[in-house]
Amino acid sequence: MAENKLSFRALQLANQQRTAYGLRYNDFTRYRKHCANRTHRLRSTLKMTHGKGREFKKLPPLTTDNIKDGHLELLLFESERAWAYSQDLITQSLQPANEDQAGSLRHSATGRFRRAVHWSTQLLSHCQSLYAASRLSAEGLIQITIYTLILNGRFLRNRDNFEDAVIQLSVARHLLDELADRAATSRDQALATVFADEIGPEIRYCAHELGREKAYDVDAIAAELSEKHRGEIVEGCDALIQKFRLEGDVAGKGEGRKKLGTLMWEGQPVPVRNPELVDVLLRVQEAEAKITQSREPARVESASDKGGRKGKSGGHGSKKGVAAYDAILLALSDAEEVARKLVEAQQSSGSSSTSAAGTRDIHFVHAYIVYQLLSRRIQRDLLLVSALLTSHRPQASAKPKKEHVDARLYPAVVKLLDTVIQSLTQMRNLSIIDESPDLASAVEARLTFTKARRCSYLAQCYVAVKKYAEALSLIQLATIYLRETRSTLSIFSEDPGSSTYYPLTPSDLDALESTITQDGLTIKNEWFAYNGGSIDADNKTYKKPLFFDIALNYVQLDMDRLQERAGKAPAPAVVPVQPVQPAPARSRLEEVARPQTPEPQAPARGGLSSLLEGWWGRK
């Protein structure tokens, strides 16, 4: 009996076909045509055709012994075909061009919807018989029961029978929660979550139409109604759930479960509510585990070989470590593509997010995946830079000599740093980065630091072609970028950024600053030795000035004394005889004798003073 056991999963099959053939963009016409083609192929494969021409061939009845997976799939696609046709007719009735035929279109849609319920009920009866014969698992029966309940609830809601509809949908929601809690894999959990998110708004709408006070609390409504009516709606519901739990425990012990680890962002989990995303994120998780395992021995090897020109060691700088990132980058690229398609589908359909209230939507998940992709790409590029610089590191010697490196080294490093700058710029523009000011500042600091490193290496490229003016300009620009980095990091007591993909410490800033200062001084010396620090002068036409010619501008040099001490006395200098030149003739005005100016005489004295002076012989 175990060999004849069927593995039919109604919800999984329906979700795969809806996603792949048009319902992601609400294209019911395309999905209906696909279901019609699929039913024709299944009938031909199962030999369930009614003959050719006018000859009618009655089909043998289906029994529990001869039924196969194909028969169940046929009934499921018949139900999906009728349901898609009803939704297509409802969409056509809402168009202004079909306003005159709206009533007939809605009537036809109701008939097709009733046909879909008929096919799903027939499928449920076959599955119940198979379950009773132990040919179908409890999980398979629960899935087809949920599928039938959802179709019945939606049909009743379209008929404005909100009371019965909310009961059917609430029981389906309870069974979906049970599937999500006891899911063996993360994909099964996401599958149950998708269908639960789809019927959540319908339960809220029915509760609102019934006038319930807390119509927004879908979980409480589903728990209340399912507790009362699940035994009436689903035959042997409690026993079925108990059997499903036992099967889940046995399957969990027999083989390892593919569980997706909890994705965290700023201390809160990131919800993954789509089976397609779960598949690609599981691959990402496996690739991350491989990188973690390969990083530990490589980190021990690189511990003895620390250093580098810029003081940046990106973990292990080996080529094997760089190649290990190819798998995770490929998986993250696939995850980003899937998330982007889900975002585009939601935007094109014009529908809002169907996730539960208070949870993060698919836009946030897409931004989170892009952040992870860019961070891993930055980490890979930094490892490439470290590997290049390590492979061209000069050997240590007793005598310091000029470092000779490959001319292709610095342009390659600059190109890699350009890629890092591009990734950081894209990361800065993400919505989840804008929502966190601390994280935005951390990304800005790493962006300016990378620009400073790029300018430093680009200056070495200009030095190689003897363009010292451009090199000095880049060194000055690197100093400005480094100053901006220090200013940005000085705001925080500790770096808020993640240290896994781009570690940035004060020692890194100090090492880069010392390197930039040393490079600036070296470039100035080389420029002066090349053409004296001139921008236009050529090295061929430039003549280096002698030392004593330069010294004469600052020191009074006694050359005679130097010649005398050297034994080379200078010859006595001959004084030339100057010829006597006749005195120039004077003009007539100068020869005229002028009368001498009389000297001033003392005034005559009289009185007693002159008489006494005469007595004593004074005049």
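Fair warning: this is a prediction, and the values are worked out from it, not measured in the lab.

What counts and how
- Residues numbered from 1 in each chain as written.
- Predicted model: local features only at pLDDT ≥ 70, side-chain atom pairs only at ≥ 80, totals over all residues.
- Heavy atoms only, no water.
- Helix = DSSP H or I, 4+ residues; strand = E, 2+ residues; numbered from the N terminus.
- Buried < 20%, exposed > 50% of the residue type's maximum accessible area, 1.4 Å probe, protein only.
- Contact = heavy atoms within 4.5 Å.
- Areas by Shrake-Rupley, 256 points an atom, 1.4 Å probe, with all protein chains shown as cover.
- 1 Å grid on protein atoms, 1.4 Å probe; cavity = no way out; pocket = protein on both sides within 12 Å on 5 of 7 lines; lining within 4 Å.
- Points joined across faces, edges and corners; volume = space filled by probe spheres on them.
- Axes fitted to C-alpha atoms, helices over the stretch in contact; angles between N-to-C directions.
- Parallel < 35°, antiparallel > 145°, perpendicular 65-115°, else oblique.
- Left-handed = near helix turned anticlockwise from the far one by under 90°.
- Nonpolar A, V, L, I, M, F, W, Y, C, P; charged D, E, K, R; others polar.
- Phe/Tyr/Trp six-rings, centres within 6.5 Å; stacked < 30°, edge-to-face > 60°.
- Lys NZ or Arg CZ within 6 Å of the ring centre and 35° of its normal.
- Expected span 1.5 Å × (residues − 1).
- Salt bridge = Lys/Arg side-chain N within 4 Å of Asp/Glu carboxyl O.

(A) Summary view of the overall build of the protein chain. A count of helices and strands for the protein chain gives 22 helices and two strands. Here the protein chain holds 619 residues, and 39% of them are scored as buried. Contacts in the protein chain between residues at least 24 apart in sequence constitute 76% of all its contacts with a sequence separation of at least 6. Summed over all atoms, the accessible surface of the protein chain reaches about 37700 Å², with 52% contributed by carbon and sulfur.

(B) Expanded view of empty space enclosed by the protein. Per the stated rule, a full pass over the model turns up one cavity of 30 Å³ or more. Of the pockets and cavities examined, the largest cavity occupies roughly 50 Å³. Lining of the largest cavity is provided by Arg-18, Tyr-147, Ile-150, Leu-151, Arg-154, Phe-195 and Glu-198. Those elements giving two or more residues to the lining of the largest cavity turn out to be α5 (138-158) and α7 (186-209). With four residues, the top contributor of residues to the lining of the largest cavity is α5.

(C) The packing of helix α17 (residues 468-489) against helix α18 (residues 506-531), seen in detail. The interhelical angle for the contact between α17 and α18, taken along N-to-C directions, is 165°, at an axis separation of 10 Å. Here α17 lies roughly antiparallel to α18, going by the angle between them. Crossing angle aside, the handedness with which α17 passes α18 is left-handed. Here α17 contributes Tyr-468, Ala-469, Ala-471, Leu-472, Ile-475, Ala-478, Thr-479, Leu-482, Thr-485, Arg-486 and Leu-489 to the contact with α18, which in turn contributes Leu-509, Asp-510, Leu-512, Glu-513, Ile-516, Asp-519, Gly-520, Ile-523, Lys-524, Glu-526, Trp-527 and Tyr-530. A breakdown of the residues in the contact of α17 with α18 according to their chemical character gives 14 nonpolar, three polar and six charged.

(D) Region of interest: the environment of Glu-276. Relative to the helices and strands, Glu-276 is located in helix α10 (residues 275-303). Residues Glu-276 and Ala-339, 63 residues apart in the sequence, show an inter-C-alpha distance of 8.7 Å. Sequence-distant contacts of Glu-276, that is, excluding residues within four places in its chain, are made with Thr-19, Arg-24, Arg-187, Val-338 and Leu-342.

(E) Spotlight on the packing of aromatic side chains. Enumeration according to the criterion identifies seven aromatic pairs in this entry. Consider the rings of Tyr-410 and Tyr-457, whose centres lie 5.9 Å apart with planes at 35°: the pair is tilted. With Tyr-410 in helix α14 (residues 409-428) and Tyr-457 in helix α16 (residues 437-464), the pair connects residues that are 47 residues apart, well separated along the chain. Given the relative accessible area of 10%, Tyr-410 is considered buried. What links up through ring pairs into an aromatic cluster is the set Trp-265, Tyr-368, Tyr-371 and Tyr-501. Above the plane of the ring of Tyr-85 lies Arg-32, whose end atom (NZ or CZ) is 4.4 Å from the centre.

(F) Focus on α18. With 26 residues, α18 ought to run about 38 Å at 1.5 Å a step, and its terminal C-alpha atoms sit 38 Å apart, in line with that. Taken as a whole, α18 has its buried residues at Asp-508, Leu-509, Leu-512, Thr-515, Ile-516, Asp-519, Gly-520, Ile-523, Trp-527 and Asn-531. Tucked into the core, α18 has its buried residues touching α16 and α17. The positive-phi residue at the C-terminal boundary of α18 is Gly-532, with phi of around 75°.

(G) Looking closely at the pattern of salt bridges. Overall, the coordinates contain 28 salt bridges when judged by the stated rule. Note that Arg-157 and Glu-202 form a salt bridge whose closest N and O atoms lie 3.2 Å from each other. Taken as a pair, Arg-157 in helix α5 and Glu-202 in helix α7 lie far apart in primary sequence, 45 residues in all. Within the structure, one salt-bridge network assembled from shared partners comprises Arg-154, Arg-157, Glu-198 and Glu-202.

(H) Quick peek at the side chain of Asp-381. Here Asp-381 is to be found in helix α13 (residues 362-391). When its relative accessible area of 2% is taken as the criterion, Asp-381 is described as buried. Once you skip the residues sitting within four places of it in the chain, Asp-381 turns out to touch Leu-416, Thr-419 and Val-420.

(I) Region of interest: the environment of Pro-506. In this structure, Pro-506 sits in helix α18. Residue classification places Pro-506 among the exposed positions, given a relative accessible area of 59%. In this structure, the C-alpha to C-alpha distance between Pro-506 and Arg-486, residues 20 residues apart in sequence, is 8.5 Å.

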